[in-house]
Amino acid sequence: MKHLLDPMDISVEEIDELLDLADNIMEEPEKYREVCRYKKLATLFFEPSTRTRLSFEAAMHELGGDVIGFAGADNSSASKGESVADTVRTVECYADIIAMRHPKEGAALVASQNVNIPIINAGDGGHQHPTQTLTDLLTIRSLKGRLDHLTIGMCGDLKFGRTVHSLIRALSRYSNIKFVLISPKELKVPRYVKEDVLKNNENVTYVQYERLEEIIAELDILYMTRVQRERFFNEEDYIRLRDSYILDTEKMKLAKDDMIVMHPLPRVNEISVEVDKDPRAAYFKQTLFGKYVRMALIMTMLGVNA
Amino acid sequence: MKHLLDPMDISVEEIDELLDLADNIMEEPEKYREVCRYKKLATLFFEPSTRTRLSFEAAMHELGGDVIGFAGADNSSASKGESVADTVRTVECYADIIAMRHPKEGAALVASQNVNIPIINAGDGGHQHPTQTLTDLLTIRSLKGRLDHLTIGMCGDLKFGRTVHSLIRALSRYSNIKFVLISPKELKVPRYVKEDVLKNNENVTYVQYERLEEIIAELDILYMTRVQRERFFNEEDYIRLRDSYILDTEKMKLAKDDMIVMHPLPRVNEISVEVDKDPRAAYFKQTLFGKYVRMALIMTMLGVNA
Amino acid sequence: MKHLLDPMDISVEEIDELLDLADNIMEEPEKYREVCRYKKLATLFFEPSTRTRLSFEAAMHELGGDVIGFAGADNSSASKGESVADTVRTVECYADIIAMRHPKEGAALVASQNVNIPIINAGDGGHQHPTQTLTDLLTIRSLKGRLDHLTIGMCGDLKFGRTVHSLIRALSRYSNIKFVLISPKELKVPRYVKEDVLKNNENVTYVQYERLEEIIAELDILYMTRVQRERFFNEEDYIRLRDSYILDTEKMKLAKDDMIVMHPLPRVNEISVEVDKDPRAAYFKQTLFGKYVRMALIMTMLGVNA
C-alpha cells in the first residue's frame, strides 16, 4: 500500500492488519507515543474540513510526529496558478507523508503520480474519502465484534452520499451482509452501485424501504445520513417523509438493545440530541475510532513499528 | 476548578495558588519544559484573536505539549451547521484541554456542559475573558508586590470594556482597593457593576473623574482602554475630551515614579508610542505575564506538576 | 548577523559559513534533530505565501523546534489597527525568532528595530526576500561546485523580478561572473541595477539578448522567471516573443549537458512540464535546498550548534 486513494485500494487482509494495529494502539497508546518522532505529516486541505484535518493532526501528534500544512483559506500557491502536481512535489521536500483534501475528483491520484512519499486521499470532491470508510469498519468491528453476518440499515440520502456508497462496497466483501436501504424514492442508491456491488454478489442481500420506523427493529447497525430538503422533487413528498429520516427516542424504542447508531458527522437535525444519551449512540465513539485508524494508517504507510 | 468560564469561577485562594505557580514557572522555566509532553491543547477560535491564540499556543509549547485547532477563517464545521456542543464533543476525541473563543455569549458554558475535558473560555462575545483578568492580576502582583492596598485608575471606555468590569470584580475581593474611574459621562461603569461590586463592599471605595490629568498623580496603577469616537453621543464632547484619554509623556510627568501603566492591547492611539520607553509602561510585560499565567492554568486544569 | 533583512546584509564570508553549515546538515541531518529543542519560531505572514511558510516551518521542525504563527487570513490584530511594531513586540513574548512576510516594503526593518529577537525578512512587498537568494546560492554551489567562474542566463521578466535583482547583486561579489540577460525590451534589468552592480565591477560582465534559443548553448545556469502577458507594451511583441520565454525540450537540446535550470517557483507555464524529467531541471531540488539553508540560518541566528 504505497498510497491510499480509494477505499477499495486495500484488500480485506490489509484491512484486517490495519484494524488489528488500531486495536493495539487503543489498548496501549503509550507504546506508540514516539514511533513517528522526526517524521512530518503535511495536511494539504485545498478546501476546509476541520473535523478531518484535526483528526489527522491529532493522530500524527499522538505518534510523536510533527504537522505542517494549510487549512483551505491560506493556500496561496494554488491561487497563483500552481498545479496540484507542483504543490505536492514542493511539499515532498518538507514532509514524509501527505493527507490531502481537494474539491476536484482525481486530485489525489494526480498527486500520487508525482511524488515518492505516501499520499492519503482525505476527500476529493464527491468522489472518495477512504479514511471515513476505514473509520466505519473499525467502529463496526470494535462495537459489534465482526464485519460479517450483519444487518445494516442505511438511512437518508443514499443517492449522493459518498460515505454510504464506499461503506457498501467495503462491506460487500464480507460474508452474509444484509443491507436495508431506507430512503425516499428520489434518493435511492444509484443503479451503478446496485449493479456493481449488490446484485450477483453471494455475500450480500438487500431490501429497500421508504420509512425507518417500518424496519428499524431488525437492524444490527443503523447508519444515518442527512436528507436535504432541496433534494426532494416535490414539497408534498418532503412533508410526508421528512420525519421518517429523523432519528428520535421514539424510533429508538423500536430498535434492538444492541443496535448501534452511526453517523459520519457533522449532523444537523437528522439525529435528535436526546438520542445522544442512549448507549446505542455510537457516532462520537466513531470519531474517536477515526483517530485511531488514522494512526494505524500513518504508521503502516510510513513503515514504522512500535 | 474543572472549567474556567468566568473570572469569578476561581476563589481568592485558587488565584493565589495559580499566581504562585506562574511565579515559579517564571523563575525556573526549565523545570516545566516537559510537564505536558504527550498532552494536546485544542485552540478553537470561532472568531479570530491572534494575540490570545498565540499566547495559549506558546504556553502549551513551553510546557512540552502539542497544539491543534483553528484560527477562525477555516472553521468549516460551524459553517456546515454543526452546533458548538457537537464540535467540542468531536474535539474531545483529539485533545486533552480546549481553549475556545466564540462570538456568542454563553458558548463556553454550553461547551463545558458537553465534554469531560477542561474548557478555558478565551472570550465569549462581550461577556467574559477570564485569562485576561488572571493576566492583569499576575501583572499587578508581580510589579506592585500585592493585590491589596492599591489605588487603581481605569481610564477610557468603562461602559463597554469587558476587561475593566472583570478586573473590578476580581480586585474587589482584596482589601483596601480604591478605584478611580476616569471616563466621559456616556461611558461610565454601568450601574449593575456599581450595584453589585462597588457599593456596600467594605474592601472598596471609588471615585469618578472625567479627565485623566486631574487625578493621575494619585494612582498606583493606570489601566488604559480605548475610547472609540463612535461611542460619544455628540461631536462636541468628543472634541473637548478626546485628549484626556490619550496617555502621553506630558501626563506621565504628573504620575508617581512607581505607577505602572497597563493595557490589554492591541492599542491604537490611546497610548502614545513615546510612552513605551518609560520604565513605568507595563503593557508589553503584561503580555509576557499572560503567557506564564496561561501555563500555570493549563497545568492546573490538566492536573500535572513539575 | 542579528537580523536578516536584505540579501546584502550578509558578507561573502558569512555566506560561506552558512552554506557550509547547510551542507553539513544535508550530510548528517540526524545530528541536528534536537538542536532547537525548546525554541520557538513565529511565522508571521501578513500576506499568504504557503511555499515559503511551509519551508520555514519544516526547517524549524527538523531542528526539533516548535512553530506558532499566522498564515495571512487570520491576522486579526492588524485588522484591529495594531502597528507592526506592536505585533512583533507581542510575539517577542512568545517566540525566540520571527520569520515575517508583509505586503509593505520596510516592514521587516521596522520590526527589527522594535525587538531583541532575530527577525528574518521572508519578503516585504516587491522589496527583498533574502532567503530566496540564499536558496539560489546554495543550489548553485551544491550543483555546480562553485559560486565563481559561471555564465548565468536570466530569462523572462528581468524588470520586476525581485529574485533576479537580488541574485545579480549577490553573485556580483564573486569573481568572473558572466550574466546573460534574456528578456523583451520592455522587461530589461532596470538601469539602477546596471549602474550599481553590473557596470564598473571587475568581477562581472554582461550581455543582453531577446531570445533564449540564441544563447542557451553557452550557459552554465539558466534561471527562469515568468513573463506576464500584461507586462508587454503591445500585443504584436507578445505574440512574436512569447515562445522564446517558454523553456521546452527543444530548447533544452541546445543546452550544455551540465547546465542547470533554476526557477523560484511557483511556475505557471514558463517551463514545460516535459522538462521536469530532464536531469538538468533543478527547480525542485532548489526547493529542498531552500529548506536546508533556512535550517542553517535559524541555527546561526539563534546561536545554536550541533
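Everything discussed here concerns the structure shown above.
All values derive from a computational prediction rather than experimental measurement. (Residues numbered from 1 in each chain as written. Chains lettered and ligands numbered in written order. Predicted model: local features only at pLDDT ≥ 70, side-chain atom pairs only at ≥ 80, totals over all residues. Heavy atoms only, no water.)

Enquirer: With reference to specific residues and values, describe the relation of the copies chain C and chain B.
Expert: Of the two same-sequence chains, chain C is brought onto chain B (RMSD 0.1 Å, axial shift 0.0 Å) by a rotation of 120°. The two molecules are tied by a three-fold rotation axis, judged by turn and shift. When the interface residues of chain C are mapped onto chain B, a mere 5% of them again lie at the interface, so each copy presents a different face. (Least-squares fit on C-alpha atoms with pLDDT ≥ 70 in both. Contact = heavy atoms within 4.5 Å.)

Enquirer: Lay out the interface of chain C and chain B in plain terms, naming residues and giving numbers.
Expert: In this complex, chain C contributes 21 residues to the contact, which on the side of chain B involves 26 residues. With both sides pooled, the region where chain C packs onto chain B buries about 2200 Å², and carbon together with sulfur makes up 55% of that total. Contact with chain B buries surface across chain C, with Tyr38, Cys93 and Tyr94 of chain C losing the most and accounting together for 28% of the total. In this structure, Asp86 of chain C engages Arg267 of chain B in a salt bridge whose closest nitrogen and oxygen atoms are separated by 2.6 Å. Inspection of the region where chain C meets chain B yields eight residue pairs in polar contact (both at pLDDT 80 or more). Listing elements by their share of the side of chain C that touches chain B, those giving two or more residues are β2 (66-70), α3 (76-79) and α4 (84-91) of chain C. Of all the elements, β2 of chain C adds the most residues to the side of chain C that touches chain B, at five residues. Among the residues making up the side of chain C that touches chain B, the classes are represented as eight nonpolar, six polar and seven charged. (Buried area = accessible area lost by both parts, 1.4 Å probe. Salt bridge = Lys/Arg side-chain N within 4 Å of Asp/Glu carboxyl O. Polar contact = N/O pair within 3.5 Å; in protein donor to acceptor, adjacent residues only side chain to side chain. Helix = DSSP H or I, 4+ residues; strand = E, 2+ residues; numbered from the N terminus. Nonpolar A, V, L, I, M, F, W, Y, C, P; charged D, E, K, R; others polar.)

Enquirer: For the interface of chain A and chain B, give the residues involved together with the corresponding values.
Expert: Counting residues at the interface gives 26 residues for chain A and 21 residues for chain B. The junction of chain A with chain B conceals about 2200 Å² of combined surface from both sides, 54% of it contributed by carbon and sulfur atoms. Summed over the shared surface of chain A and chain B, the result is four salt bridges. We note a salt bridge from Arg51 of chain A to Glu82 of chain B, for which the minimum N-O separation is 2.1 Å. Applying the counting criterion to the chain A and chain B interface returns eight residue pairs in polar contact (both at pLDDT 80 or more). It is helix α2 (residues 50-62) of chain A that provides the largest number of residues to the side of chain A that touches chain B, a total of nine residues. Residues that form the side of chain A that touches chain B fall into these classes: 10 nonpolar, five polar and 11 charged.

Enquirer: How would you summarise the relation of the copies chain A and chain B if you had to cite specific residues and measurements?
Expert: After a rotation of 120° and a shift along the axis of 0.0 Å, chain A superposes on chain B with an RMSD of 0.1 Å. Different-surface contact between copies: only 4% of interface residues of chain A are shared with the interface of chain B.

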